[in-house]
Amino acid sequence: MDPMHPYEHLSLFTVGLILAGWLIAVHALMLAKPEMVQGYLKKFPRDVLAGQILLGIGLAWFWLLIAPDNMGVLSSLAMDLGEFNGAKPVLRILVPVSLFLVAISVRDFLAVRALGVLGLLVAAPLLESAFLKDPSSRLLVPIYAYAVLTASMFWVGMPYLFRDAVAWATADQKRWTMLSLTGLGYGVATLVCALAFWRDF
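Residues numbered from 1 in each chain as written. Predicted model: local features only at pLDDT ≥ 70, side-chain atom pairs only at ≥ 80, totals over all residues. Heavy atoms only, no water.

**Student:** Help me understand the overall build of the chain in this model?
**Tutor:** When its secondary structure is counted, the chain shows eight helices and zero strands. C-alpha atoms of the chain, sized along the principal axes, occupy 55 × 50 × 25 Å. Counting only residues that meet the buried cut, the chain has 33% of its 201 residues in that class. Counting only contacts in the chain whose residues sit at least 6 apart along the sequence, the fraction spanning at least 24 positions is 77%. Of the side chains in the chain, 14 bear a positive and 13 a negative charge, and the two mean positions are spaced by 12 Å. (Helix = DSSP H or I, 4+ residues; strand = E, 2+ residues; numbered from the N terminus. Buried < 20%, exposed > 50% of the residue type's maximum accessible area, 1.4 Å probe, protein only. Contact = heavy atoms within 4.5 Å. Lys, Arg positive; Asp, Glu negative; His and termini not counted. Charge placed at Lys NZ, Arg CZ, Asp CG, Glu CD.)

**Student:** For this particular structure, what's the right way to read the pattern of salt bridges?
**Tutor:** Pairs can form between side chains of opposite charge whenever their charged atoms are close. Throughout the structure, instances matching the rule amount to one salt bridge. Here Arg163 makes a salt bridge to Asp164, at a shortest N to O gap of 3.2 Å. Residue Arg163 is classed as partly exposed on the basis of its relative accessible area, which comes to 39%. (Salt bridge = Lys/Arg side-chain N within 4 Å of Asp/Glu carboxyl O.)

**Student:** Looking at this structure, how should I read unusual backbone geometry?
**Tutor:** Peptide bonds are mostly trans, and most non-glycine residues show a negative phi. Here the phi dihedral of Leu132 falls at roughly 60°; this positive angle occurs in a residue that is not glycine. Along the chain, Leu132 turns up in the loop between helix 5 (110-130) and helix 6 (140-157). When its relative accessible area of 69% is taken as the criterion, Leu132 is described as exposed.

**Student:** What am I meant to see in the side chain of His27 here?
**Tutor:** Counting through the fold element by element, His27 comes out in helix 1 (residues 12-32). Of the polar contacts made by the side chain of His27, one reaches the backbone oxygen of Leu23; its length is 2.8 Å. Aside from chain neighbours lying at most four places away, what touches His27 is Leu179, Ser180, Gly183 and Leu184. (Polar contact = N/O pair within 3.5 Å; in protein donor to acceptor, adjacent residues only side chain to side chain.)

**Student:** Even after reading the chapter, I still don't get a nonpolar patch on the surface, so can you show me in this structure?
**Tutor:** Together, Ile93, Val97, Phe100, Leu101 and Ile104 make up a nonpolar patch on the protein surface, roughly 500 Å² of accessible area in all. Within the fold, Phe100 resides in helix 4 (residues 88-105). A relative accessible area of 52% places Phe100 in the exposed class. (Patch = residues over 30% accessible without salt bridge, like charges linked within 9 Å, V, L, I, M, F, W, Y side chains within 5 Å. Areas by Shrake-Rupley, 256 points an atom, 1.4 Å probe, with all protein chains shown as cover.)

**Student:** I keep staring at the packing of helix 1 against helix 8 (residues 173-197) and nothing clicks. Help me out?
**Tutor:** Helix-helix packing is described using two parameters, namely the angle between the two axes and the distance between the axes. At a minimum axis distance of 8 Å, the contact between helix 1 and helix 8 shows a crossing angle of 155°. As the angle between them shows, helix 1 and helix 8 are arranged roughly antiparallel. When the axes of helix 1 and helix 8 are compared, the crossing they make is left-handed. Taken together, the residues of the contact of helix 1 with helix 8 sort by class into 18 nonpolar, seven polar and no charged. (Axes fitted to C-alpha atoms, helices over the stretch in contact; angles between N-to-C directions. Parallel < 35°, antiparallel > 145°, perpendicular 65-115°, else oblique. Left-handed = near helix turned anticlockwise from the far one by under 90°. Nonpolar A, V, L, I, M, F, W, Y, C, P; charged D, E, K, R; others polar.)

**Student:** Would you mind showing me how to read the nonpolar core here?
**Tutor:** Looking at soluble globular proteins, one finds that nonpolar side chains tend to be buried together. In this structure, Leu12, Leu126, Val141 and Trp198 are the most contacted members of the largest nonpolar core, which totals 13 residues. Counting residues per element, the ones that place at least two in this core are helix 1, helix 5, helix 6 and helix 8. Residues within four places of Leu12 in sequence aside, it is in contact with Ser129, Ala130, Lys133, Pro135, Arg138, Val141, Trp198 and Phe201. Ranked by size, the runner-up nonpolar core spans 12 residues in total, among them Phe44, Leu54, Leu55 and Val112. (Core = buried A, V, L, I, M, F, W, Y, C linked by side-chain atoms within 4.5 Å.)

**Student:** Before we go on, may I ask you to explain helix 5 in this structure?
**Tutor:** Every α-helix winds through 3.6 residues per turn, so residues three or four apart in the chain are directed the same way. Here helix 5 is 21 residues long and its end C-alpha atoms lie 31 Å apart, about the 30 Å a rise of 1.5 Å per residue gives. Positive backbone phi, approximately 60°, marks Leu132, located one or two places after helix 5. (Expected span 1.5 Å × (residues − 1).)

**Student:** For this particular structure, what's the right way to read the side chain of His5?
**Tutor:** Relative to the helices and strands, His5 is located in the segment before helix 1. Residue His5 is classed as buried on the basis of its relative accessible area, which comes to 10%. Reaching out from His5, the side chain makes a polar contact with the backbone oxygen of Leu77 at a distance of 2.7 Å. Among all residues touching His5, those that are not within four sequence positions of it are Leu65, Leu77, Ala78 and Met79.

Here you go:
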């Protein structure tokens, strides 16, 4: 059995392309359809259905990380939690029940909290793909991952900050354009580095 977790097999090149594609697509849409994107972002914090869907995805992902060892492909993402391995059976029950109760009882900012949960989960494979790799340009990936981690912790604990950030970003069209161009530039830089320097990593 391979002792390495699947995250450790992730290619910096592949992750770089995916990240670049995501950044370019999102920020290009922000530039091309500013009114549509701004309108959705303003409504997003109180979109209960989106929150329940995102929370369901986050729950499924987390459960796979603590899945029992005898479930075949469903166990492929299971992680060693070290001294906390003994808590896995309890977490397999407690986490789904807790998140279900949150999904049906919490209405305010559920979508933002759920997005934060997903952000915390996404950061791990991003960081792992760049871990101990040679090209210094790889730092584009962990820098983005740590930004996501930081934002996600605030979104889970203080979700109203997402609303405030959206209000700030959308208050001025020049500010919105500058933020969109910055994100687009980061995506293009990531794509260039992936194609030029990360093919062997």
